[in-house]
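Topology and contacts: notes
The residues making up each chain are set out below.
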2 protein chains.
Amino acid sequence: MSNPRSAKTKKRTRIQQKNEIKILNGALDIFSQHGFRGSTVDQIAEISGMSKPNLLYYFNSKEAIIRILIDQLLDKWLDPLRKIDPDGEPLSEIQSYMRRKLEMSRDFPRESRLFANEILQGAPRVHDELKDLKKLVDEKAAVITSWIKAGKLAKCDPYHLIFSIWATTQHYADFDVQVKAVLGPKQSGPGRFEDAARFLDQLYVNGLKPQK
Amino acid sequence: MSNPRSAKTKKRTRIQQKNEIKILNGALDIFSQHGFRGSTVDQIAEISGMSKPNLLYYFNSKEAIIRILIDQLLDKWLDPLRKIDPDGEPLSEIQSYMRRKLEMSRDFPRESRLFANEILQGAPRVHDELKDLKKLVDEKAAVITSWIKAGKLAKCDPYHLIFSIWATTQHYADFDVQVKAVLGPKQSGPGRFEDAARFLDQLYVNGLKPQK
DNA sequence: TGTAATATTTACCAGACGGTAAAAAATTTC
DNA sequence: GAAATTTTTTACCGTCTGGTAAATATTACA
C-alpha cells in the first residue's frame, strides 16, 4: 500500500500528521464554501499548499476526505444535545443548549455549512448517522416531555422545539452572508452573536407577548 | 439570433412556452437538489425530456437558466414579508408572517433549497438583490420597533426576530431529510407542518415558561 | 554515512462536462 | 402544398477534473 492512511501501521510521521491536518483544514474551507461537487481537488491542494498528486498521496480520493470531515463533524455536532441534563432546571437547560449551539455556529461556521450542504443535498453520506441522531433526539425529547408533564415547561412538541433551536442557531453560520448583508456593516461585528443570544433567550422564555 | 429567448421578439411559440416551462421546472428540480456546480446540463435535459443541445437552443447556458430561476424566486420569496401590515394587530401580524413563510416551505421546498444553496455558497449570484432585501427588512424592522414602543410587543431586537422566523420556517424545507429522519415515518406526513405551526405559535406568543 | 522508507514532482490519461455547427425534421405561413 | 421558419438531432470540440505511474528528492534510522 502506498497510501499512509490506508496502511495498518498506526504510527504516523511528523510530516504525515502535519499534512493530514493541513489537508483536512483546507478541505473544510473549500467543501463548506462550494459543496462537494463544486469543490475540486486542485483547489484543496492549493489552499493546503501542496500539489494535487501529493495530496492524493495522503488521501485516496476526494470522497475519502469528505468522509473523514463528516465523521469528525457529526460527533462534535451532537455534543451540545448530549449535554442536556435531565436533572437540571428545564428552562435553563433549554437556554444552555441554545447557547451552546449558538457558540458552535460562531466558532465552527465551516462545519455548520458543511453539514448544511450535506443535508440540503439529500444527505447521501449521512443516512446511517441520521439513525443515531434520531435515537438521541428521541431520548432528549422524552426528557423534555417529562419536564412538561412536571409543569416545568409550557406544553409544546419537544421535537419541533429541538428543530427550532437547530434552525435559529445554525442560521447564523449557514446564512451568514445574508445576515451580514441585512444587518449592515455596523451591526455585523462579532457582537451579533450576543444580540442573537439575547433575543433567543427572550423568545424561548417569554415569547413576544408584552409583559405586564 | 438563433436563441428564441435572447431575441427581442415578444411572441413565443406554443412549443417555446411549453419547453421553457419544462426546462425551468426540471432545472429547479436538479439545481435545488445538487446545487449549481453539482448539476449538469445533461441531467436537466433528461428530466425535462429533451436532448442537451435542444435545451441549449432555448437557454444560452446553464448560468442563464439559474439566473432566471433566482430572479423568479426572490420576488416570490419576499412577498410574505411585504405583506406585514403596519396597521395590523402586532402579535397576529407576526404569527401570520410566520405561517405564510411556513406555507412557502411546504408548498415550494425546491425554491427554498435553491435559495439556501445560493446563500450557503456565498451568494455569488444574489449580491445585488441582497441590497433590496436589506431595504425591505429595515423598513419592517422599523414597523416592529414602533410596535414595541407602543407596548404591543415584548422588547426585542426586530432583526433577530425576523431571522428567527426565516430560520425556523425554512428549516422544514431545507433540512427536510433530517426532519423526516428524526420524526420517523409515523410523524413525517404532511401533518408535520401543522404541528410545526402549532409549536411556533406557542413559541412566538408565550415562549416556553409554564403558564400559571 | 549509507540505505531503506517516506515524500514530492513531473507527466500523463480517461471520462465528464459545457457548449457549438450544421444538417435533418417538423411546423407554420402564405 | 411549397417556401420560410422553427425545432430537433447528430456529430463534434476544448477544457476541466479526479486520479495514476513512475521518476526524483527528502527524511529517518542503523
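Helices and strands together make up the secondary structure of chain A, namely 10 helices and 0 strands. In terms of its C-alpha atoms, chain A occupies a principal-axis envelope of roughly 70 × 40 × 30 Å. Contacts spanning at least 24 positions in sequence make up 67% of the contacts within chain A whose residues lie at least 6 apart. Here chain A holds 35 positive side-chain charges and 27 negative ones, and the gap between their average locations is 2 Å.

Moving on, we get to the protein's contact with DNA strand D. In the region of DNA strand D, 19 residues are neighbours, and R14, K52 and K62 of chain A together with Q16 and Y58 of chain B sit closest. Backbone atoms, meaning sugar and phosphate, form 61% of the atoms of DNA strand D found within 4 Å of the protein. K52 of chain A is positioned such that a nitrogen or oxygen atom in its side chain is 2.7 Å from a base nitrogen of DNA strand D. Its residues assigned to classes, the surface near DNA strand D comprises 7 nonpolar, 8 polar and 4 charged.

Another aspect to go through is the protein's contact with DNA strand C. Surrounding DNA strand C, one finds 19 residues, the nearest of these being Q16 and Y58 of chain A together with V41, K52 and K62 of chain B. Atoms of DNA strand C within 4 Å of the protein: sugar and phosphate make up 64%, bases the balance. Measuring from a phosphate oxygen of DNA strand C, one finds a side-chain N or O atom of R37 of chain A at 3.4 Å. At a separation of 2.8 Å, a base nitrogen of DNA strand C approaches a polar side-chain atom of K52 of chain B. At the level of secondary structure, the elements contributing two or more residues to the surface near DNA strand C comprise helix 1 (14-38) and helix 3 (52-58) of chain A together with helix 3 (52-58) of chain B. When its residues are assigned to classes, the surface near DNA strand C shows 7 nonpolar, 8 polar and 4 charged.

Next up on the list: the interface of chain B and chain A. At the interface, 65 residues of chain B touch 65 residues of chain A. For the pairing of chain B and chain A, the buried interface totals around 5,600 Å² over both sides, and the portion due to carbon and sulfur atoms is 68%. Our count for the chain B to chain A interface comes out at 0 salt bridges. Here chain B is connected to chain A by 18 residue pairs in polar contact (both at pLDDT 80 or more).

Quick look at the state of the cysteines now. Throughout this description, disulfide means a covalent bond between two cysteine sulfur atoms. Applying the stated criterion across every chain, the model contains 0 disulfides over all chains. We note that C156 of chain A lacks a disulfide partner, and the nearest cysteine sulfur, in C156 of chain B, lies 19 Å from it.

We now examine empty space enclosed by the protein. All told, the structure shown has 3 cavities of 30 Å³ or more when counted by the stated rule. In this model, the largest cavity occupies a volume close to 80 Å³. Contributing to the lining of the largest cavity are A167, Q170, H171, D174 and F175 of chain A together with W166, A167, Q170, H171, D174 and F175 of chain B. Breaking the lining of the largest cavity down by element, the ones donating at least two residues are helix 8 (158-174) of chain A together with helix 8 (158-174) of chain B. If you tally residues by element for the lining of the largest cavity, the top one is helix 8 of chain B, at 5 residues.

What follows is about the relation of the copies chain B and chain A. Expressed as a screw operation, the relation of chain B to chain A combines 0.0 Å of axial shift with a rotation of 180°, fitting to an RMSD of 0.0 Å. Such a turn and shift between the copies fits a two-fold axis. Among all C-alpha atoms of chain B, that of G207 of chain B lies closest to the rotation axis, at 1.9 Å. Comparing interface residues between copies, 100% of those in chain B also sit at the interface in chain A, which points to an isologous, same-surface contact.

A word on the side chain of S39 of chain A. Residue and element names in this part refer to chain A. Locating S39 in the fold gives a position in the loop between helix 1 and helix 2 (41-47). Overall, the relative accessible area of 1% leaves S39 in the buried class. At 3.3 Å, the side chain of S39 forms a polar contact with the backbone oxygen of I30. Within the structure, S39 has its side chain in polar contact with the backbone oxygen of G35 (distance 2.6 Å). If we skip the residues at most four places from it in the chain, S39 touches I30, F31, H34 and K62.

Basis of the calculations
- Residues numbered from 1 in each chain as written.
- Chains lettered and ligands numbered in written order.
- Predicted model: local features only at pLDDT ≥ 70, side-chain atom pairs only at ≥ 80, totals over all residues.
- Heavy atoms only, no water.
- Helix = DSSP H or I, 4+ residues; strand = E, 2+ residues; numbered from the N terminus.
- Contact = heavy atoms within 4.5 Å.
- Lys, Arg positive; Asp, Glu negative; His and termini not counted.
- Charge placed at Lys NZ, Arg CZ, Asp CG, Glu CD.
- Near = heavy atom within 4 Å.
- Polar contact = N/O pair within 3.5 Å; in protein donor to acceptor, adjacent residues only side chain to side chain.
- Nonpolar A, V, L, I, M, F, W, Y, C, P; charged D, E, K, R; others polar.
- Buried area = accessible area lost by both parts, 1.4 Å probe.
- Salt bridge = Lys/Arg side-chain N within 4 Å of Asp/Glu carboxyl O.
- Disulfide = S-S within 2.5 Å.
- 1 Å grid on protein atoms, 1.4 Å probe; cavity = no way out; pocket = protein on both sides within 12 Å on 5 of 7 lines; lining within 4 Å.
- Points joined across faces, edges and corners; volume = space filled by probe spheres on them.
- Least-squares fit on C-alpha atoms with pLDDT ≥ 70 in both.
- Buried < 20%, exposed > 50% of the residue type's maximum accessible area, 1.4 Å probe, protein only.

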